[in-house]
Amino acid sequence: MKNTLKATFMSALVGLSAGEALAADYKKNPFTLAYDGAITRNEPGKVNIHPVSYKLNGLDIAANVYTPANYDAKKNYPTVVVAHPNGGVKEQVAGLYAQRLAEQGYITITADAAYQGASGGQPRSIDKPAYRIEDIHGMADFISQFAGVDDNRLGLLGICGGGGYSLAAAQTDKRFKSLATVSMFNSGRVRRNGYNDSQMDSIQQRLQQASVARAQEAAGGAVLYSGDANLTDEQIAELPFELYRQGYEYYWKTHAHPNSTFKYTTSSLIDLMRFDATDHIELINQPLLMIAGSKADSLYMTQDAFPKAIGTTDKEVFILDGATHIETYWVPRYVDAAIGKLTDFYARTL
């Protein structure tokens, strides 16, 4: 079975040139960045990275700001806020897209969610929609005060779960002049109904488990977690959905980072299961671009959300032909295509 998993993973590499690496080892990067082509040092005249921290509702938030080549603090630059996937951190795919957009002339910021990654908050790995949406507002607060940022040209990019939360944030935060998502993941729908609506018959049972977990926390007991599993290659290969199989490969192997984890507090489900990224989506009146892979088993979430966004007439779904969900995170030809589309979109709308 291990050989089968390896063969499945290696098949994703077909078509890559010999010079295209899989990832950068975070242990060998001074900024612990875990993506191919990551910045290893700041140099004059090139894209630079600036680790920063700021307070959000009393918590310390860890973020990275990327500035474009020949950045001049006295000039004004269009800027993009980048929200990371569920379980992800700023050093993975969110950092890759932030760096690539900086290469196109944008100031960008990506931050670890509160209670996650290198950001503060206890207990760890809380994953409540209100907090994730507030993280996006908080990034806008901070970056709007950063030298060189033109806050009249502020865009938003959400990846995977960050895409769902970005849809929610942009409904009411009109500082964002345009919004894009990549492989949008509607966390509320999936936690409620299961992936591909596969757990409809256990909704009440899982709500009861979440309620018990919250009661235990409130009483001072141990914090219970969901989504945390140390799976063998054989178990990964037997997972029913490609997103989860490739997700384990990405997050635990090829692009692993010590601050990244699948787990979240079971009590978070009380909030997650009553949330839906498409609730009030008609409030989005900004230009909207949704990017997804044609072979992504998460594509149904983009296809469901897009027609509900009736508040904007400037909207488009852009399909990456042949890409799965996780492949939009790292496969060079898909990332290149997504960045090309995003660059054109933000150039027109910011």
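Computed from a predicted model, the values in this text were never measured in an experiment.

A. Main features of the sheet that holds strand S6 (residues 176–182). Reading across the sheet, the eight strands line up as S1-S2-S4-S3-S5-S6-S9-S10 and stay open at both edges, with mixed pairing between neighbours. A single partner strand is all that each edge strand has here, and the edge strands are strand S1 (48–56) and strand S10 (315–320). Direction aside, neighbouring strands of the sheet carry axes that sit 20° apart on average. As paired elements, strand S3 (residues 77–83) and strand S4 (residues 107–111) share four bridges and run parallel to each other. Across the sheet, the residue bridging to Val80 is Thr108, located in S4.

B. Fine view of the environment of Ala130. Tracing the backbone through its elements, the reader meets Ala130 in helix H3 (residues 129–143). Owing to a relative accessible area of 54%, Ala130 belongs among the exposed residues under this scheme. Along the chain, Ala130 and Ala111 lie 19 residues apart, while their C-alpha atoms are 16 Å from each other.

C. Summary view of the pattern of salt bridges. On inspection of all chains with the given rule, the structure shows 19 salt bridges. Of the charged contacts in the structure, one is a salt bridge between Lys128 and Asp271, with a shortest N-O distance of 3.8 Å. Of the two residues, Lys128 sits in the loop between S4 and H3 while Asp271 sits in helix H9 (residues 269–272), which places them 143 residues apart along the sequence. A salt bridge links Arg175 to Asp173, with the nearest nitrogen and oxygen atoms 2.8 Å apart. Classification of Arg175 by relative accessible area gives partly exposed; the value is 30%.

D. Examining the packing of aromatic side chains more closely. All chains considered together, the criterion is met by 19 aromatic pairs. Aromatic side chains Tyr54 and Phe142 sit 4.6 Å apart centroid to centroid with 15° between the ring planes, which places their arrangement in the stacked category. One end of the pair, Tyr54, is in strand S1; the other, Phe142, is in helix H3, and 88 residues separate them in sequence. Positioned above the aromatic ring of Tyr225 is the side chain of Lys263, whose terminal nitrogen or guanidinium carbon lies 4.4 Å from the ring centre.

E. Geometry of the confidence of the model for the chain. Averaged over all residues, the pLDDT of the chain is 93; the fraction at 70 or higher stands at 93%. The model gives residues 1–21 a pLDDT under 50, and that stretch makes 25 contacts with residues more than four places away or in other chains.

F. Summary view of the UniProt feature "domain: Xaa-Pro dipeptidyl-peptidase-like" (unreviewed entry) in the chain. As annotated in UniProt, the feature "domain: Xaa-Pro dipeptidyl-peptidase-like" (unreviewed entry) corresponds to residues 58–211 in the numbering used here. Summarising residues 58–211: 35% helix, 25% strand, and an end-to-end C-alpha distance of 27 Å.

G. A look at the nonpolar core. With 96 residues, the main nonpolar core has Tyr97, Leu157, Leu342 and Tyr346 as its most contacted residues. The contact partners of Leu342, leaving out residues within four places of it in the chain, are Tyr97, Leu101, Leu157, Ala180, Val182, Leu289 and Ile291.

H. Inspection of unusual backbone geometry at higher detail. Following Gln122, the chain continues into Pro123 via a peptide bond in cis, with omega recorded as -5°. Summarising the element assignment, Pro123 is placed in the loop between S4 and H3. In the Ramachandran plot, Asn70 falls in the positive-phi region, its phi being about 60° despite a non-glycine side chain. In this structure, Asn70 sits in the loop between strand S2 (59–67) and S3. Take Asn70: its relative accessible area is 57%, and that puts it in the exposed class. One non-glycine residue, His280, adopts positive backbone phi at about 65°. Checked against the element boundaries, His280 lands in the loop between H9 and strand S9 (288–293). Accessibility expressed as a relative area gives 52% for His280, which makes it exposed.

I. Expanded view of the environment of Gln92. Its place among the elements puts Gln92 in the loop between S3 and helix H2 (93–103). Looking at Gln92, the relative accessible area reads 1%, which means it is buried. Once the C-alpha coordinates of Gln92 and Ala34 are considered, the two residues, 58 residues apart in sequence, prove to be 5.2 Å apart. The residues contacting Gln92, other than those within four sequence positions of it, are Ala34, Tyr35, Tyr250, Tyr251, His255, Ala256, His257 and Ser260. A distance of 2.9 Å separates a polar side-chain atom of Gln92 from the backbone oxygen of His255.

J. Broad picture of the side chain of Thr108. With respect to the helices, strands and loops of the structure, Thr108 is situated in strand S4. Polar side-chain contacts of Thr108 include one of 3.0 Å to the backbone oxygen of Ala98. Once residues within four sequence positions are removed from consideration, Thr108 is found in contact with Asn64, Val65, Tyr66, Val80, Ala98, Leu101 and Ala102.

K. A look at the packing of H3 against helix H4 (residues 161–172). Relative orientation of the contacting elements H3 and H4 amounts to 75°, with a least axis distance of 9 Å. One element, H3, and the other, H4, form an angle in the roughly perpendicular class. Contacts from Pro129, Arg132, Ile133, Ile136 and His137 in H3 reach Gly162, Tyr165, Ser166, Ala168 and Ala169 in H4. A breakdown of the residues in the contact of H3 with H4 according to their chemical character gives six nonpolar, three polar and one charged.

The rules behind each value
Residues numbered from 1 in each chain as written. Predicted model: local features only at pLDDT ≥ 70, side-chain atom pairs only at ≥ 80, totals over all residues. Heavy atoms only, no water. Pairing = 2+ DSSP bridges. Helix = DSSP H or I, 4+ residues; strand = E, 2+ residues; numbered from the N terminus. Axes fitted to C-alpha atoms, helices over the stretch in contact; angles between N-to-C directions. Buried < 20%, exposed > 50% of the residue type's maximum accessible area, 1.4 Å probe, protein only. Salt bridge = Lys/Arg side-chain N within 4 Å of Asp/Glu carboxyl O. Phe/Tyr/Trp six-rings, centres within 6.5 Å; stacked < 30°, edge-to-face > 60°. Lys NZ or Arg CZ within 6 Å of the ring centre and 35° of its normal. pLDDT = per-residue confidence, 0-100. Contact = heavy atoms within 4.5 Å. UniProt positions renumbered as here; feature names shortened; annotations may be inferred. Core = buried A, V, L, I, M, F, W, Y, C linked by side-chain atoms within 4.5 Å. Polar contact = N/O pair within 3.5 Å; in protein donor to acceptor, adjacent residues only side chain to side chain. Parallel < 35°, antiparallel > 145°, perpendicular 65-115°, else oblique. Nonpolar A, V, L, I, M, F, W, Y, C, P; charged D, E, K, R; others polar.

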